[in-house]
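Topology and contacts: notes
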Amino acid sequence: MNGVLPDTALRQLIESGAISADQPILPEQIQPASLDLRLGSTAWRLRASFLAGRGRKVSDRLADFEMHRMDLTGGAVLEKGCVYLVPLMERLSLPQGLDAVANAKSSTGRLDLLTRLVTDEGTEFDRLAEGYDGPLYAEICPRSFSVLVRPGMRLNQLRLRQGQAVLSDTELHHLHRQEPLVTGEALIDDGLGFSVDLRPTQGDLVGYRARPHSGVIDLDRIGAYQARDFWDELHTTDGQLILDPGAFYILVSREAVAIPPDYAAEMAPYLAMVGEFRVHYAGFFDPGFGHGAAGKGARGVLEVRCHEAPFALEHGQVVGRLVYERMAARPERLYGTGIASNYQGQGLKLAKQFA
């Protein structure tokens, strides 16, 4: 059956060797509809981001871009504003008929840690062609904070799919009538639209803006950092927020969304707003997110970076869309049930490293 592969199918691919790794793949890497990827033991500092291009390997292009090599074994700092390439522990030998897409994990995006998958012969980031056979690399560019990383850390994840799985708007309308996907009226136009909440029901805290000169964040230290040392709180009572060019914001959607167990979703930009700002690096929503079996709707956290000009964001303004896809089969475990899900039932929430 066409669709996104669930955890059971991912385990079968691991057992068959289609997904392999330098070190055994851990059970906790397998999510309901994706596989977490682990950093290897080496990083290259690059002078520029690059793609291998057709007929070329990443390893063959490194000499053109490498500045120096770093050993991550004892931990190493990736500095804000620099570009790094890290070989991942996992490699793929995909059967024909399977392609893959990658995305940053939630905490990676919430730290403004631009992380993209790079492959041999790749002509775009985060996309693997059908039947890809080769190594995987993560390009990492810390945008707001310098970070301490070690081998085995999981910054991005891989979703595999067979065939065409995206729901049309007609199919999405039908699904919403069967199982409400969003609180309030559903704006369905090339996916399910969602808007920004700048009029909270309690208080006037609407978001956070990254402070420009902060310390290093050790990604393994959960709940170890005071938010005020890295973020400025944003308060408003008039339902408007002016975004500064180049600044990074954490905001929250007005709607609570749900992903039924037989579906997965990916967050995408709202096309009319693409020129103004980018919203949400960490785009995967697993089956069961905000769903009745594991919650009663969950609001999406928005990671927003403003582009060239100051922009006045208004309460209720549509800023993104969820593209729903069918699962090839229902996963054994849903998001938020039986697995450690840091963000189930979330509202406005910073990355898990902050207390």
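Scoring rules and cut-offs
- Residues numbered from 1 in each chain as written.
- Predicted model: local features only at pLDDT ≥ 70, side-chain atom pairs only at ≥ 80, totals over all residues.
- Heavy atoms only, no water.
- Helix = DSSP H or I, 4+ residues; strand = E, 2+ residues; numbered from the N terminus.
- Rg over C-alpha atoms; globule rule 2.2 N^0.38 Å.
- Buried < 20%, exposed > 50% of the residue type's maximum accessible area, 1.4 Å probe, protein only.
- Contact = heavy atoms within 4.5 Å.
- Arc of directions from axis to C-beta.
- Pairing = 2+ DSSP bridges.
- Salt bridge = Lys/Arg side-chain N within 4 Å of Asp/Glu carboxyl O.
- Polar contact = N/O pair within 3.5 Å; in protein donor to acceptor, adjacent residues only side chain to side chain.
- UniProt positions renumbered as here; feature names shortened; annotations may be inferred.

Time to look at the overall build of the chain. Summing up its helical and strand segments, the chain has four helices and 25 strands in all. Against the compact-globule benchmark of 20 Å for 355 residues, the chain has a radius of gyration of 20 Å, which places it among compact chains. Taken over 355 residues, the chain has a buried fraction of 55%. Partitioning the contacts of the chain with sequence separation of at least 6, the portion at a separation of at least 24 is 81%.

Another point: helix 2 (residues 58–65). Of the residues making up helix 2, those classed as buried are Val58, Arg61, Leu62 and Phe65. The buried residues of helix 2 occupy an angular sector of 125° when projected down its axis, which confines them to one face. Counted as exposed and oriented over 90 degrees from the buried face of helix 2: Asp60 and Ala63. In the core, the buried residues of helix 2 are packed alongside strand 4 (42–46), strand 5 (66–71), strand 7 (83–93), strand 9 (113–119) and strand 11 (133–142).

Glancing now at the sheet that holds strand 14 (residues 192–195). An order of 14-25-20-22 is seen for the four strands of this open sheet, with the pairing classed as antiparallel. Whereas interior strands pair on both sides, the edge strands pair on one side only; in this sheet they are strand 14 and strand 22 (284–285). Two elements, strand 14 and strand 25 (residues 318–326), share four bridges in a ladder whose sense is antiparallel. Bridge pairing in strand 25 links Phe194 to Gly320.

With eight of its 11 residues buried, strand 7 lies for the most part within the structure. Across three bridges, strand 2 (residues 19–21) lies against strand 7 in antiparallel orientation. Each residue of the ladder has a partner; that of Ala21, found in strand 7, is Glu90. The sheet contact formed by strand 4 and strand 7 spans three bridges and is antiparallel. Residue pairing across strands places Leu46 opposite Val83, the latter belonging to strand 7. Where strand 7 meets strand 11, seven bridges bridge the pair, whose relative direction is antiparallel. Within strand 11, the residue paired with Arg91 across the bridge is Pro135.

Across all of its chains, the model carries 20 salt bridges by this definition. Here Arg61 makes a salt bridge to Asp64, at a shortest N to O gap of 3.7 Å. Here the residue Arg61 and the residue Asp64 both occupy positions in helix 2, the gap between them amounting to three residues, near one helical turn. In this structure Asp64 comes out as partly exposed when scored by relative accessible area, which is 39%. Asp112 is paired through a salt bridge with Arg305; the nearest N and O atoms lie 2.1 Å apart. Of this pair, Asp112 sits in the loop between helix 3 (106–110) and strand 9 while Arg305 sits in strand 23 (residues 298–306), and the two are 193 residues apart along the sequence. Both residues of the pair, Asp112 and Arg305, belong to the buried class. It is possible to trace a salt-bridge network through shared partners that takes in Asp36, Lys105 and Arg154.

Those residues of helix 1 (residues 7–16) not exposed but buried are Asp7, Ala9, Leu10 and Leu13. Down the axis of helix 1, the smallest arc covering the buried residues is 160°, so these residues share one side. Residues of helix 1 that are exposed and point over 90 degrees away from its buried face: Gln12, Glu15 and Ser16. In this structure, the buried side of helix 1 is in contact with strand 2, strand 3 (35–38), strand 8 (98–104) and strand 13 (154–162). Of the residues flanking the end of helix 1, it is Gly17, one or two places downstream, whose phi is positive at about 90°.

This next bit is on the sheet that holds strand 6 (residues 76–78). Spatially, three strands are ordered 6-12-16 in an open sheet, and the strand pairing comes out mixed. Where the open sheet ends on each side, the last strands, each with one partner, are strand 6 and strand 16 (217–218). Here two bridges tie strand 12 (residues 147–149) to strand 16, and the two strands are oriented parallel to one another. Bridging from a neighbouring strand, Leu148 pairs with Asp218 of strand 16.

Moving on, we come to the environment of Gln317. With respect to the helices and strands, Gln317 occurs in the loop between strand 24 (311–314) and strand 25. For Gln317, a relative accessible area of 21% corresponds to the partly exposed category. For the pair Gln317 and Ser253, spaced 64 residues apart in sequence, the C-alpha separation works out to 9.7 Å. Here Glu314 takes part through its backbone nitrogen, which lies 2.9 Å from a polar atom of the side chain of Gln317.

Let's shift gears to the UniProt feature "domain: 2'-deoxycytidine 5'-triphosphate deaminase N-terminal" (unreviewed entry) in the chain. The sites that carry the UniProt feature "domain: 2'-deoxycytidine 5'-triphosphate deaminase N-terminal" (unreviewed entry) are, in the present numbering, residues 2–164. Along residues 2–164, the helical share is 14% and the strand share 44%, with 6 Å between the first and last C-alpha atoms.

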